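Spelled out from the first residue to the last, the chains are:
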Amino acid sequence: MEQLRTALVGGTACEVCGRLPHPRRLRLTVAKLLAILPVEFVLHALVLAWHPPYLVSVTLLVFATTALVIWVVEPSTMRLLRSWLHAPRTRPASGIDALWRIRVTVADRAGALERLTHELAELDANILGLHVHPVHDGVRDELVVSTPDTTSPRALLAAIEAAGGRDAHVWPTTTLALVDGQTKALSLSARVVGDPSELPHAVAELLGAQLVTDRVALAGPLPADGTVLKIPSPWTGLFAFTRPGEPFTPAESARAHRLAQLAELTLVNRRG
């Protein structure tokens with residue numbers, strides 16, 4: 001599972017999960033300094049203690065530092081600090097109120113959604129968007145809500161739990177999340193028809209997922225928690241997508257497969 005999580009293309013889902021597709025410049029600079037300074041310090045100390053000729057010292061420092069930093073130390077540091085570099089935004093960047101995306105499983109019975117909305121209303125949360133996905137153990141509700149800027153994710157999770165919600169996830173989001181789902185699907189379909197090679201990126205954007213690029217990881221056993229989705233590819237046999245901590249619903253799987261069929265039909269028509 002962890003191998004799949006590390007074999008990803010840069011994020012297309014920042015408006016979904018709140019995570020930055022690219023690190024902030026300050027954080028990236030700090031991470032690089034943490035990677036380089038210890039190597040520079042150790043190598044300079046060794047060279048000064050050894051006292052080689054000047055040109056030998058310069059050559060050793062240049063080549064050894066470059067090789068170690070580029071190929072060993074910096075990539076290792078970036079992997080170690082991945083969570084910090086791509087940390088979620090602490091506050092949404094748009095509007096006076098805070099915007100949040102919520103995914104939660106509730107019982108498939110009358111009154112379950114009403115109870116959830118009542119608990120959210122106690123926090124002055126205003127539901128701006130709602131999508132319902134049937135799943136095997138209930139329904140998976142996806143909501144976009146606005147709250148006062150002082151409302152924390154912990155408070156939202158507590159309200160959801162009080163309403164009987166399960167497996168809840170809360171992320172800061174932006175106004176992009178308010179785009180109507182049908183409109184977004186149609187726009188992505190048009191994008192795939194115009195250029196079938198956009199299929200993996202369109203699916204990733206549609207589902208708020210990330211494309212798995214490591215073919216070796218795909219050859220092994222896949223997680224059984226539903227967080228990895230495979231669809232047929234007209235070029236490579238299949239594409240796989242992952243959404244750690246958030247299983248794909250049957251409806252989302254069907255949408256992704258429809259986009260794959262659309263890309264294949266477009267290619268067939270162009271060849272014909």
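Here, every reference points to the structure presented above.
Residues numbered from 1 in each chain as written. Predicted model: local features only at pLDDT ≥ 70, side-chain atom pairs only at ≥ 80, totals over all residues. Heavy atoms only, no water.

**What about helix α9 (residues 199–207)?**
A turn of α-helix holds 3.6 residues, and therefore any two residues three or four places apart point the same way.
Okay, so step 1: Judged by how many residues are buried, α9 sits mostly within the fold: seven of nine residues are covered.
Okay, so step 2: Among all positions of α9, only L199, P200, A202, V203, A204, L206 and L207 are buried.
Okay, so step 3: G208 sits one or two positions beyond α9 and adopts a positive phi of about 65 degrees. (Buried < 20%, exposed > 50% of the residue type's maximum accessible area, 1.4 Å probe, protein only. Helix = DSSP H or I, 4+ residues; strand = E, 2+ residues; numbered from the N terminus.)

**What to know about the side chain of T105**
Okay, so step 1: Inspection of the secondary structure puts T105 in strand β1 (residues 98–106).
Okay, so step 2: The exposure class of T105 is buried, given its relative accessible area of 4%.
Okay, so step 3: Here the side chain of T105 touches R140 through a polar contact of 2.8 Å, side chain to side chain.
Okay, so step 4: Setting aside residues up to four positions removed in sequence, T105 forms contacts with V135, D137, V139, R140, G164, G165, R166 and D167. (Polar contact = N/O pair within 3.5 Å; in protein donor to acceptor, adjacent residues only side chain to side chain. Contact = heavy atoms within 4.5 Å.)

**Regarding the nonpolar core**
Okay, so step 1: Judged by nonpolar contacts, the single largest core of 19 residues is most densely connected at L199, V203, L207, I231, F241 and L259.
Okay, so step 2: When residues of this core are traced back to their parent elements, those giving at least two are α8 (181–194), α9, β6 (228–233), β7 (237–242) and α11 (250–271).
Okay, so step 3: Of the residues forming this core, the biggest block, six residues, is contributed by α9.
Okay, so step 4: Setting aside chain neighbours within four positions, we find V203 in contact with I231, F241, A256 and L259.
Okay, so step 5: By size, the runner-up hydrophobic cluster in this structure holds 16 residues, among which are V106, L120, L143 and V170. (Core = buried A, V, L, I, M, F, W, Y, C linked by side-chain atoms within 4.5 Å.)

From the geometry alone we can't say anything about function, so treat these as descriptive.
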